[in-house]
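Commentary on secondary and tertiary structure
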Amino acid sequence: MDRFQFINANSAQEAVSLLNDGSTKSKIIAGGQDLLTELKEHIAKAEKLINISDVQELNYINAENGSLKVGATTTIAAIAANGEILAKNRALAEAASVVGSPQIRNQGTLGGNLCQRPRCWYYRSEAYPCLKKGGGICYALSGRNKYHAIFGGAPAYYVHPSDCATALTALGAIIHCLGPDGEKTIPSEKFFTLPSEILLPENVLKPNEMITAVEIPTHNMKSTYIKFREKESYDWAISAVAAALELDGTRCVKASIVLGGVAPKPWRAKKAEDVLQGKTITESLAEEAGEAAVDDATALSDNEYKIPLTKTLVKRAIMKLIA
Amino acid sequence: MAKQHTTVVGYEGNTQSIEYAIPENETGLWGANFDYSIVGKKNIPRLDAVEKVTGKAKYSYDINRPNMLHAVVLTCPYAHAHFEVTDTSEAEKMPGVKSIEVFDEGGKGTARFAGWLIAMAAAETIQQARDAARKIKVNYKVLPFVIDPDEAMDDASPRVNRGGNVNPPEARARDRGDVDQGFQEAEVIVEGVYTTQVQTHSCLETHGCVAEWNGDEVTVWHSTQGIWSVAGGIASGLKDLGLQQNNVRVITQYMGGGFGSKFGPEPFGVLCALVAKKVGRPVKMMLDRYTDTVYAGNKPGSKMYVKLGAKKDGKLTAIHVKAYNYPGHSGGSSVAIPFMEHYDCENIRIEEQNVMTNAGASRAFRAPGRPQGSFGIEMALEELAMKLEMDSYELKAKNVSGTTYKAVPYELKLGAEKFGWKEKSKKHGSENGKIKHGVGCAVTFWHSTGQDKGASVRCTLYPDGSVEVANGCQDLGTGQRTMMAIVAAEELGIDVGFIKVSIGDTQLGLNGPASGGSTTTPTTSPVVRNACYQAKLKLYEKIATKWKTEASDIDCKNGTVFSKSHSDKKMSWKDAAAMLRNSAITATADGFTKPDVPGSNTGAYGAQFAEVEVDTETGKVRCTRIVAVQDCGKTIAKKQAESQICGAVIQGVACALYEDRIMDNMAGRQINPNMEEYKIPGIKETPDIETVIVDVYDPVVNTGGKGLGEPPAIPTGGAIGCAVANAIGVPIRDLPITPDKVLAALQRKEG
Ligand SMILES: Cc1cc2nc3c(=O)[nH]c(=O)nc-3n(C[C@H](O)[C@H](O)[C@H](O)COP(=O)(O)OP(=O)(O)OC[C@H]3O[C@@H](n4cnc5c(N)ncnc54)[C@H](O)[C@@H]3O)c2cc1C
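Along each chain, residues carry numbers from 1 onward, in the same order as the chain's sequence is written. Written order decides the labels, with chains lettered from A and ligands numbered from 1. Owing to the predicted nature of the model, reporting of local features is limited to residues with pLDDT of at least 70; listing and counting of side-chain atom pairs is limited to 80 or more, with chain, interface and lining totals taken over all residues. The basis for every side-chain value is the complete set of non-hydrogen atoms in the structure, without hydrogens or water.

1. Description of the overall build of chain B
Where we set the bar: Labels follow the DSSP assignment, with helices taken as runs of H or I lasting at least four residues and strands as runs of E lasting at least two, numbered in each case from the N terminus. The quantity called the radius of gyration is restricted to C-alpha atoms. Its globule counterpart is 2.2 Å times the number of residues to the power 0.38. For each residue, the accessible area found with a 1.4 Å probe, counting protein chains only, is set against the maximum for its type, and the residue is called buried under 20%, exposed over 50%, and partly exposed in between. Residues are treated as being in contact if the distance between any of their heavy atoms lies within 4.5 Å. The method behind every accessible area is Shrake-Rupley, applied with a 1.4 Å probe, and residues are considered shielded solely by the protein chains displayed. Positive charges are assigned to Lys and Arg, negative charges to Asp and Glu, while His and the chain termini are left out of the count. One atom stands in for each charge, and that atom is NZ of Lys, CZ of Arg, CG of Asp or CD of Glu.
Looking only at helices and strands, chain B has 19 helices and 30 strands in total. Taken against the 2.2 N^0.38 rule, which gives 27 Å for 751 residues, the C-alpha radius of gyration of chain B at 28 Å falls within 12% of a compact globule. The buried share of chain B, reckoned over its 751 residues, is 62%. When contacts within chain B are restricted to residue pairs at least 6 apart in sequence, those whose partners lie at least 24 apart make up 79%. Of the accessible surface of chain B, which amounts to about 27600 Å², a share of 48% is contributed by carbon and sulfur atoms. Placing the 85 positive and 89 negative side-chain charges of chain B at their respective mean positions leaves the two points 3 Å apart.

Listed below in structure tokens is the structure:
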């Protein structure tokens, strides 16, 4: 790991000032679960790390009047254990509860989880100068791509690794950011981006900005998160579905279906939503929604299985919500 | 002078009395009619369990010497390249750096896989060493390479080594009977191609060592399965420095797994000792996870073309196998034994070749070649059962036979009962619903034989009643100390608490076996007995004088020494030992004499039963339960035996469902050399494991003990593969059975 300077920030404002003090390679570090690995593997470079993990004003869960606001340095474990979140935004609680292992959930933060970098094995190996590291090609396209994207890949076929991002997008979350020009809010839907839009990083955040909180406005949706992994003990999502439905009995008033582990960003399954909108949910409708969800999928050489798998997960998530 | 003995041998429902001869100074067999006080009676926990879980036990990884340097190795990133270390000056100038050394003469050579050792940097801290290693300038001339074994077989493919990629060029064949005749007799024939993946050892403690000099003597703490070969290797590696083996001490008190991958000094072991000498400071080098994974060995993959012939009743008439083993750039493997020995068949032909690729070299891995061959034969039999619409247990039971020492038919039957096979078994693929359940079974065999000249054991009796038993072996993690203590306590008739076991140090000066091939218990346990026997006779002679009787009239049970002829003459073990006053009794036994009973020593057998649950919509397979029936001759340390079986089963589950070394076909590197993408099962992937240990009294050595590390590691993958076929009605012939393969197979079945 190359040398870097480590600075403790006492407030979000101070962290942003430090990010904007003129030096180029400064980065926020929270739980360090992802960033330190990247530095050790020589994937990322940083001259200055600004530590926000002790910033108390960023560590909170506020659940009031039906809306939810979670500070950026709140741990994944705290989110998973919160009863209010489980009651009203179950998909987020469920997503948090299946992030990595207990140690990772105890140390990892929400902000870090959303800004973590892809886990693509080519990206994560220094030996491959891939597109995501400023190189010329995406090795996954003609290489080994069992865990790669079936949606929105071009020109780089990594998948977004965050469980929380998928759930938050389905729940219509808003990301609160702080930069040199002050605060701004960005809907989760617009926060995460495809490589065809922005190659680096995986969201619209500028290097001199940070996330301060995530908010979920009041809603009437029932939600769930289903994550498929090869290994239950800990594993990244091979495919995942966050489904949030506003229901009138078993009739679907409004549907929000977002897929994880299959695209470079949380992938809204618009066609599946359209299938459900205004209809009474039955097993066959859920099946139809599953089919619609993968309608536009294109497989690479090793990941064809993700298509039937994702279809199943969509169906199961919907059925779980009316059970 | 040989002495005649009698004993009872065999296993439940199949015993017999035998006679055999053994030299006077050795002790006779325990056998089935021996009055045991500890073995099989007391469930002795692992003696060093508390040390291990509290961190008191120091592994090589934990050894930190005053003033010690840390070293890091640099490996080649290309699958095939000429390399030359051109400039080390920048690296040498890095902060804290004390040494930069190269592995190959002149720093040049040809790397045949990505992971080839090139150079080693030693510095004050490991961080400094890592930084320095990156500054070593190496010139690479990248060469064409081949990763895919099927491609490697093509004559036009790049050559991995000087010879051809297929070794030997003509398949070596093993024949029994007349295979053509066997197929002519067959009423039904099944054929299939079965493949198994490369599995990496992934030892929790990576390979490495600490070397420290004191004058002309060097001490090496090495994470190894064989301290003696390390000592010999360090001495010969540094003979130019005038080093002789009498000045090399190797210590391995505790180790975090080896599974067959940790024999010999390793090039970095020799280099550590060299740098320690040159710099005059201790040097520590433990491989990082990446290098350990790509460099330090793996279980070779295989492709087996299997053809079986059978009668309509399921009796095998012929087995023909053409197998290709994939040992990487060097080494070789064989999958033959499970095809030849697990089931009865008179006509067998096995043809085998190794196919070399530009990948890390294979090493021994817990029953080399056996889990692969077992998967092949069990799956082929499963497909035979499907074709004959027969219950696969019935079919398999029909094709095994036993002897007094070979309990496999009994074990298969016992396992089926414990497992509840009758209630659980159903026609292949007959279950409705999206989640399907299946059962499968498989047998195992391993020749866990002892080396009669392989160990010297010293037993010392002290006046306070305490005892030391010492041998130059090491504990691979199997519980060697506990096993030796139990044997000594049983032989001496005292509590295990009296006994201290000293192992893992060449300075003991006692020959000891390498921990491999499931041979350590049968090699050391009889010698432990002999040493204790000789020591106690010396003590008994002193007591005999006092009691005016013969030493042979004296015995000790449960801590009481007594005269067999005069029951009033007795004293406690402590009082007996106190007669030694200020001296101690030492007896050293060298090896043991095999009783040499005809038909004996047939190895360790067993059978495993697996239950799986397959989600046909996601392709996920979960193994929910394994019943493992196993013998290891006479079981000496039951808890440790159970733990060996559980560990073996978990590695078998890993091989069946999870672990896979995935190679990037473009650059020829392992693309998942880490603990995230190389999927080692965790607690949630671990099935309920029920161990059923069978005692088979085989007059192979005086304790009747056989090794157990390997036998239970053989059949798990096959049993699980069969269970999956039973559940979904289609065989998945390619390990590991991952969701992508299950979904693809189901799609093929439907479409
Ligand atoms: C073995 C392993 C398994 C894992 N499994 C999963 C999994 O199954 N699912 C999953 O979702 N994740 C998984 N993760 C990822 C892990 O959850 C995230 O890495 C973790 O939540 C990151 O949080 P952190 O605070 O440690 O981030 P850090 O490592 O501190 O930061 C990660 C990145 O986010 C940036 N960052 C951090 N906070 C902010 C902020 N407030 N504003 C702007 N940028 C910020 C950093 O600059 C850095 O680039 C796994 C990680 C590991 C190591």
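2. Considering a negative patch on the surface
Basically, it comes down to this: In this analysis, a patch consists of residues with relative accessible area above 30% that form no salt bridge, clustered at 9 Å for like charges and at 5 Å for the nonpolar side chains Val, Leu, Ile, Met, Phe, Trp and Tyr. By definition here, a salt bridge exists when the distance from a side-chain nitrogen of Lys or Arg to a carboxyl oxygen of Asp or Glu is within 4 Å.
A cluster of acidic residues, Asp148(B), Glu151(B), Asp154(B) and Asp155(B), forms a negative patch on the protein surface. Along the polypeptide, Asp148(B) turns up in the loop between β8 (137-142) and α4 (149-152).

3. Focus on empty space enclosed by the protein
All names here are of chain A. Note the cut-off: Grid spacing is 1 Å over the protein atoms alone, the probe is 1.4 Å, and a cavity is where that probe fits but cannot get out, while a pocket is an open set with protein on both sides within 12 Å along at least five of seven lines and lining residues have an atom within 4 Å of a point. Grid points are joined across faces, edges and corners, and a volume is the space filled by probe spheres set on the points. For this classification, the nonpolar set comprises Ala, Val, Leu, Ile, Met, Phe, Trp, Tyr, Cys and Pro, the charged set comprises Asp, Glu, Lys and Arg, and every other residue, Gly included, is treated as polar. Note that the domain bounds were set by an automatic or database domain assignment.
The final tally for this structure, using the stated rule, is 9 cavities of 30 Å³ or more. By volume, the largest cavity is sized at about 230 Å³. Lining the largest cavity are 21 residues; nearest its centre among them are Arg119, Tyr147, Val159, Trp236 and Ala237. Looking at the lining of the largest cavity, its residues break down into 10 nonpolar, 6 polar and 5 charged. Formed jointly, the lining of the largest cavity draws a minimum of three residues from each of two domains, domain 1 (56-116 + 159-216) and domain 2 (225-322).

4. A closer look at the domain arrangement of chain B
Residues and elements named next belong to chain B. Using the following cut-off: Using a 1.4 Å probe, buried area is obtained as the accessible area two parts lose upon being combined, added over both of them.
For chain B, the assigned domains are domain 1 (402-449 + 595-751) and domain 2 (453-592). For domain 1 versus domain 2, the distance between C-alpha centres works out to 38 Å. Contacts between domain 1 and domain 2 engage 17 residues on the former and 18 residues on the latter. For the pair domain 1 and domain 2, the summed buried surface comes to about 1300 Å²; carbon and sulfur atoms form 59% of the total. Considering only the surface of domain 1 that becomes buried against domain 2, Ile636, Gln640 and Asn702 emerge as the three largest contributors, covering 38% of it.

5. Regarding the domain arrangement of chain A
Residues and elements named next belong to chain A. The domain boundaries assigned to chain A delineate domain 1 (56-116 + 159-216) and domain 2 (225-322). The straight-line distance from the C-alpha centre of domain 1 to that of domain 2 is 21 Å. Contact residues are listed per partner, giving 23 residues for domain 1 and 23 residues for domain 2. Of the roughly 1900 Å² buried between domain 1 and domain 2 on both sides combined, carbon and sulfur atoms contribute 61%. Sorting the residues of domain 1 by area buried against domain 2 places Val159, Thr166 and Ala170 first, and these three jointly supply 26% of that buried surface. The interface formed by domain 1 and domain 2 includes 3 salt bridges.

6. Here we look at the interface of chain A and chain B
Listed by partner, the interface residues are 32 residues for chain A and 31 residues for chain B. Taken together, both faces of the contact between chain A and chain B bury some 3100 Å²; the carbon and sulfur share is 50%. In this structure, Glu232(A) and Lys620(B) form a salt bridge, with 2.5 Å as the shortest nitrogen-oxygen distance. Elements that contribute at least two residues to the side of chain A that touches chain B include exactly α8 (139-142) and α13 (306-322) of chain A. Ranked by residues supplied to the side of chain A that touches chain B, first place goes to α13(A) with 6 residues. Here the side of chain A that touches chain B is built from residues that sort into 15 nonpolar, 5 polar and 12 charged.

7. Comments concerning the sheet that holds strand β15 (residues 283-286) of chain B
Residues and elements named next belong to chain B. What counts, and what does not: A pair of strands counts as paired when DSSP detects no fewer than two bridges linking them. Only the contacting stretch of a helix is used when fitting its axis, a line to C-alpha atoms as for every element, and angles between N-to-C directions run 0 to 180 degrees.
Pairing within the open sheet is mixed, and its 7 strands lie in the order β5-β7-β3-β15-β12-β13-β14. Every interior strand has two partners, whereas the edge strands, β5 (97-102) and β14 (248-251), have only one. Across this sheet, the average inter-strand angle for adjacent strands is 20°, counted without regard to direction. Taken together, the 6 bridges between strand β12 (residues 208-214) and strand β13 (residues 217-222) define a ladder with antiparallel strand orientation. Paired with Ala211 across the bridge in β13 is Val220. Each of β3 (69-75), β5 and β7 (117-123) is contacted by helix α3 (residues 126-133), which is oriented at about 30° to β3, the strand it contacts most. With respect to the sheet, helix α7 (residues 267-279) is in contact with β3, β5, β7, β12, β13 and β15, its orientation differing from that of β12 by roughly 30°.

8. Topic: the pairing of strand β23 (residues 499-502) of chain B
Residues and elements named next belong to chain B. Defined as follows: Handedness of a crossover: with both strands directed away from the viewer, a clockwise path from the first strand across the helix to the second marks it as right-handed.
One ladder, built from 4 bridges, connects strand β22 (residues 467-471) with β23; its direction is parallel. Along β23, the bridge assignment pairs Val469 with Val501. The β-α-β motif built from β22, the intervening helix α14 (residues 480-492) and the parallel element β23 has right-handed crossover chirality.

9. What about the sheet that holds strand β1 (residues 5-8) of chain A?
Residue and element names in this part refer to chain A. Read from one edge of the open sheet, 3 strands run β1-β3-β2, paired in parallel fashion. Each edge of the open sheet is held by one strand with a lone partner, namely β1 and β2 (26-29). Recorded for the sheet is a direction-independent mean angle of 25° between the axes of neighbouring strands. Where β1 lies against strand β3 (residues 48-51), 4 bridges are found, and the strand directions are parallel. Note on β3: the bridge partner recorded for Ile7 is Ile50. The strands touched by helix α1 (residues 12-19) within the sheet are β1, β2 and β3, with β2 carrying the most contacts at an inclination of about 155°.

10. Some details on the packing of aromatic side chains
Residue and element names in this part refer to chain A. Heads up, the condition is: To pair, rings of Phe, Tyr and Trp, with the six-membered ring standing in for Trp, must have centres within 6.5 Å; the planes then decide the type, stacked if under 30 degrees apart, edge-to-face if over 60, and tilted in the middle.
Taken as a whole and assessed by the stated rule, the structure comprises 22 aromatic pairs over all chains. Where Tyr122 meets Tyr139, the ring centres are 5.8 Å apart and the plane angle is 25°; that geometry is what we call stacked. With Tyr122 in the loop between α7 (110-115) and α8 and Tyr139 in helix α8, the pair connects residues that are 17 residues apart, well separated along the chain. Residue classification places Tyr122 among the buried residues on the basis of a relative accessible area of 1%.

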